[in-house]
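# Examination of the molecular architecture
Okay, here's what each chain looks like letter by letter:
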Amino acid sequence: MPTRSRSTEADPAAVPGPAAWWQRLLGGRPRQRAGPALWQIVSLQNDGELFCQLANEIGALASRGGRFQQGRLERLPPLLRGLFSLAHVDKALGEGGFHRAFWQGYLAYVPYALEALDMLQLRRHGALLAEAIQVYICHEARIHQLARQGDFQAFARCAELRAFEPLSMAYAALAAQAPLAAEVARYARAHTRQLAALWA
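These numbers come from a predicted model, not from an experiment.

## Thoughts on the packing of helix α3 (residues 47–61) against helix α5 (residues 78–103)
Contact geometry of α3 with α5 gives a least axis separation of 9 Å together with a crossing angle of 125°. One element, α3, and the other, α5, form an angle in the oblique class. The two elements α3 and α5 cross, and the hand of that crossing is left-handed. Residue-level contacts link F51, L54, A55, I58, G59 and L61 of α3 to L80, L83, F84, L86 and A87 of α5.

## Describing the confidence of the model for the protein
Here the protein shows a mean pLDDT of 80. Residues at 70 or above account for 82%. Averaged pLDDT values for the elements of the protein fall to 41 in helix α1 (residues 18–26) and rise to 94 in helix α11 (residues 180–190). Within the model, pLDDT remains below 50 along residues 1–34, and this stretch shows 71 contacts once partners closer than five positions in the same chain are excluded.

## A short note on the nonpolar core
Core analysis: the largest hydrophobic core is formed by 62 residues, its most contacted members being L83, L86, F98, L129 and F164. Counting residues per element, this core draws most heavily on α5, at 13 residues. For F164, the residues in contact, after removing those within four places along its chain, are F98, H99, F102, A132, V135, Y136 and I143.

## Describing the environment of L195
Relative to the assigned elements, L195 resides in helix α12 (residues 192–198). We classify L195 as buried; its relative accessible area is 0%. Between the alpha carbons of L195 and L38 there is a distance of 8.2 Å; along the sequence they are 157 residues apart. Apart from the residues lying within four places of it in its own chain, the contact partners of L195 are L38, L79, L80, L83 and A188.

## Regarding helix α10 (residues 164–177)
Over its 14 residues, α10 runs 20 Å from end to end, which matches the ideal 20 Å to within 8%, given 1.5 Å per residue. Listed in full, the buried residues belonging to α10 are F164, L167, S168, Y171 and L174. Within α10, the buried residues cover an arc of 125° as seen down the axis, which keeps them to one side. Exposed residues on α10 whose side chains face more than 90 degrees from its buried face are M169, A176 and Q177. Where α10 is buried, its residues contact α5, α7 (123–138), α8 (140–149) and α11.

## Description of the side chain of H99
Topologically, H99 is positioned in helix α5. Look at H99 and you get buried, because its relative accessible area is 7%. In this view, H99 contacts F152, F155, A156, L161, F164 and E165; residues no more than four positions away in its chain are not counted.

## Topic: unusual backbone geometry
Phi angles above zero are rare outside glycine, and Q121 is one such case at about 60°. Mapped onto the fold, Q121 is located in the loop between α6 (110–119) and α7. The exposure class assigned to Q121 is exposed, which follows from its relative accessible area of 55%.

## Regarding the packing of aromatic side chains
The tally for this structure, following the rule as stated, stands at 7 aromatic pairs. Ring geometry for F68 versus F84: centroids 5.5 Å apart, planes at 15°, classification stacked. Of this pair, F68 sits in strand β2 (residues 67–68) while F84 sits in helix α5, placing them 16 residues apart in sequence. With respect to burial, F68 and F84 carry one shared label: buried. Ring geometry for F102 and F164: centres 5.2 Å apart, planes at 40°, overall tilted. A residue pair is termed long-range when its members are at least 10 positions apart, and F102 in helix α5 and F164 in helix α10 qualify at 62 residues.

The rules we used
Residues numbered from 1 in each chain as written. Predicted model: local features only at pLDDT ≥ 70, side-chain atom pairs only at ≥ 80, totals over all residues. Heavy atoms only, no water. Axes fitted to C-alpha atoms, helices over the stretch in contact; angles between N-to-C directions. Helix = DSSP H or I, 4+ residues; strand = E, 2+ residues; numbered from the N terminus. Parallel < 35°, antiparallel > 145°, perpendicular 65-115°, else oblique. Left-handed = near helix turned anticlockwise from the far one by under 90°. Contact = heavy atoms within 4.5 Å. pLDDT = per-residue confidence, 0-100. Core = buried A, V, L, I, M, F, W, Y, C linked by side-chain atoms within 4.5 Å. Buried < 20%, exposed > 50% of the residue type's maximum accessible area, 1.4 Å probe, protein only. Expected span 1.5 Å × (residues − 1). Arc of directions from axis to C-beta. Phe/Tyr/Trp six-rings, centres within 6.5 Å; stacked < 30°, edge-to-face > 60°.

Structure (structure tokens):
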């Protein structure tokens, strides 16, 4: 079971990881189980909007009293928790590559994202994420040291972490060639009944 890296054990409001992002999106309002909304979501024409809304509805299942709970996410079916995690990891990668994703504490969500990529048979995306994890493991002590300093620019310039740069570029090229949102949307439209059953 993945745990948050030590670099993100601070107040989630100060470190905009997935839990904090979801909490802001939810606005503190209680949500109901989201199964019926799935049919409306898969009818959306815009793939990016479909992926976002799907992640939102899964996030509602991982919330209680309007608050996101990591433990509830971990208890969701692998495909649901994987799609939720994949949406947030992909968003972070699009905003700043692997430097930004790991700085914001998304390492805890990468294993679940890898689960989803495997189920979706998106092996090239998965291979890049797996390679980035190995880079992180090799330089974990240095990453934690820089994170404690709280200087993202120093983190991004760190010589030991330049191995993230070609991986980020490769992921960006792959995202342009095979957008993840399009792949997820295609899967969701083709397997709507199977997804809906996971809400039962």
